[in-house]
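# Tertiary structure, described
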Amino acid sequence: LAPLGSHALIPKAELHLHIEGTLEPELAFELAARNGITLPYADTEALRTAYLFADLQSFLDLYYALMAVLITEDDFEALADAYLARAAAQGVRHAEIFFDPQAHTARGVALGTVVEGLSRALARSQERHGVTTKLIMCFLRDQSAESAMETLEAAKPYLDRIVGVGLDSAEVGNPASKFREVYEAAGELGLRKVAHAGEEGDPGYVWEALDVLGVERVDHGLRSLEDPELVARLVRDRIPLTLCPMSNVRLRTIDVLEDHPLVAMMDAGLVCTVNSDDPAYFGGYAGDNFHAVGEALALDHERLRELARNSFVASFLDGSAEEEEL
Ligand code: ADE
Ligand code: ZN
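These numbers come from a predicted model, not from an experiment.

As a further point, take the site of ligand 1. In the vicinity of ligand 1, the contacting residues are His18, Gly21, Leu56, Tyr63, Asp168, Ser169, His196, Glu199, Ser247, Asp277 and Asp278. Among the residues making up the shell around ligand 1, the classes are represented as 2 nonpolar, 5 polar and 4 charged.

What follows deals with the environment of His260. With respect to the helices and strands, His260 occurs in the loop between α11 (245-250) and α12 (262-267). Residue His260 is classed as buried on the basis of its C-beta count, with 23 C-beta atoms lying within 10 Å. Discounting residues that sit within four places of it in the chain, His260 has contacts with Pro245, Asn248, Ile254, Val293, Ala296 and Leu297.

Sheet architecture is open: 8 strands sit in the order β1-β2-β3-β4-β5-β6-β7-β8, paired in parallel fashion. The open sheet has two free edges, formed respectively by β1 (12-18) and β8 (272-274), since each of these has just one partner strand. Across the sheet, the mean angle from the axis of one strand to that of its neighbour is 25 degrees, orientation sign disregarded. Pairing of strand β6 (residues 217-220) with strand β7 (residues 241-243), which is carried by 2 bridges, proceeds in the parallel orientation. Counterpart to Asp219 in the pairing with β7 is Thr242. Along the sheet, helix α8 (residues 180-188) contacts β3 (132-140), β4 (164-168) and β5 (192-197); its crossing angle with β5, the most-contacted strand, is approximately 150 degrees. Strand contacts of helix α9 (residues 203-211): β5 and β6, with the helix running at about 170 degrees to β5, the strand carrying the most contacts.

Nonpolar side chains in soluble globular proteins generally cluster together in the buried interior. Ranked by internal contacts, the top residues of the largest apolar core, which has 95 residues, are Ile19, Ala80, Phe99, Leu118, Ala195 and Ala209. The element best represented in this core is helix α4 (residues 73-89), accounting for 7 residues. The residues touching Leu118, leaving out its near neighbours within four places in the chain, are Ile19, Phe76, Ala80, Phe99 and Leu135.

Let us now look at unusual backbone geometry. Here the phi dihedral of His220 falls at roughly 80 degrees; this positive angle occurs in a residue that is not glycine. Checked against the element boundaries, His220 lands in strand β6. We classify His220 as buried; it has 27 C-beta atoms within 10 Å.

Right, let's talk about the UniProt feature "binding site: Zn(2+)" (unreviewed entry) in the protein for a bit. What UniProt calls "binding site: Zn(2+)" (unreviewed entry) maps, in this numbering, to His16, His18, His196 and Asp277. For the residues just named, distributed over 262 residues, the greatest C-alpha separation is only 11.7 Å, placing them together at one site. Tracing the backbone shows His16 in strand β1. The residues contacting His16, other than those within four sequence positions of it, are Asp219, Thr242, Cys244, Asn275 and Asp277. Mapping His196 onto the fold places it in strand β5. A count of 30 C-beta atoms within 10 Å places His196 in the buried class.

The next subject is the packing of helix α7 (residues 145-154) against α8. Following both chains from N to C, one finds α7 and α8 inclined at 15 degrees, their axes separated by 9 Å at the closest point. The angle between α7 and α8 places the two elements in the roughly parallel class. Read as a crossing pair, α7 and α8 show a hand that is right-handed. Listed contacts from α8 to Ala145, Ala148, Met149 and Leu152 of α7 are Glu181, Val182, Ala185 and Ala186. Taken together, the residues of the contact of α7 with α8 sort by class into 7 nonpolar, no polar and 1 charged.

Conventions adopted
Residues numbered from 1 in each chain as written. Chains lettered and ligands numbered in written order. Predicted model: local features only at pLDDT ≥ 70, side-chain atom pairs only at ≥ 80, totals over all residues. Near = placed C-beta within 6 Å. Nonpolar A, V, L, I, M, F, W, Y, C, P; charged D, E, K, R; others polar. Helix = DSSP H or I, 4+ residues; strand = E, 2+ residues; numbered from the N terminus. Buried ≥ 20, exposed ≤ 12 C-beta atoms within 10 Å, placed from the backbone. Contact = placed C-beta atoms within 7 Å. Pairing = 2+ DSSP bridges. Axes fitted to C-alpha atoms, helices over the stretch in contact; angles between N-to-C directions. Core = buried A, V, L, I, M, F, W, Y, C linked by C-beta atoms within 7 Å. UniProt positions renumbered as here; feature names shortened; annotations may be inferred. Parallel < 35°, antiparallel > 145°, perpendicular 65-115°, else oblique. Left-handed = near helix turned anticlockwise from the far one by under 90°.

Pasting the structure below:
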C-alpha cells in the first residue's frame, strides 16, 4: 500500500470490525508461545502465505483456527489494545467492535474471560488512544438457533458492556430467518440489532435481515444494487450499510477494487460507510480502506467526507459532537 494520505486519516468511526480479525501474525506467534501452543506454520511469513483466500469459507477456516492462541483475559486485552492503537493511527475516533462468543466458548474459553479481557482494553481506550468504543456480540449463523439463544442467555451478566447483537460466519445456506426468536429476545433486552447480509448471499438475505430480524444497520449489503426494490427500501428507511472494500477483494466477491459498487451505491442514495472487517487478514485497517477506495474509485474530497460523516451518523453514538467535528 502507498503511504497513508490525509484522506486516510480523516476522523471516522469504524462500524464493521471483528476483533478476532485483527490478530496479526506477530501477535499470534507471541500468544502461541505464551500459551504453549504450536501453530502449524514455521513463522509469521509462512502464516502470511496462507492469506490467499478463494472465498468467505476459506478465510473463516483460518480465522477460527488461529483463535486457538486466544486463551486468557490478558490475551483478549492485548488483542484489543493492539487494534485500538492501530485504529487510532488511522483516524478512527470511535469503534463498534464485533466479537464471536461461540468461537471461544466452543473451545472451552468462558464468555466472561473474553468480555472481561476485551473490556480492560476498551475501558482505557479513550484515554490511551482517543478512541471511544462499543461492543457488539455476534451469533455464528452456521451454528444452531438454540446455541445462539444459549449465548444470549450467557451474556446477561455482561449486558452493561454490550450494545448490540450481530450475525456473522458462513452466509449462504444460513438465512437470517433461523434467528428470528433470538433477535426478538435481544430486542426485549434493549440490545441494538445488526447482521451481515448480502456479502456472498443474494438480496433475499438482506430482505430477511430487515424484515425478519429488524436490523438497524446491514453489514456489507454489497449485493443490494441487484434489487431495485431493496435499494428503495434501504434508502427510504435510511438503513446504513457497512461496506468493507478490501475484504470484498480478498474474499473474491469482486475481482478488483476498481469494480467496487461504492460510488453507484452512494449515487443511489444509500447510506454507505467504509470499514475494514478483518484487517489483519485483508491487508488494511480503516484508513487503508479509505485510501484504497479513494485511489481506485478516484473519490473526491466531498465523497470521502460524506463517507466519514456517514460513519458517525450510522454509529450507535447518541451525541452529535463527532458529527459536528466534520
Ligand atoms: N466473520 C469474520 N469476518 C466475517 C465476514 N467478512 N463475513 C462473515 N463472517 C465473518
Ligand atoms: Zn464482517
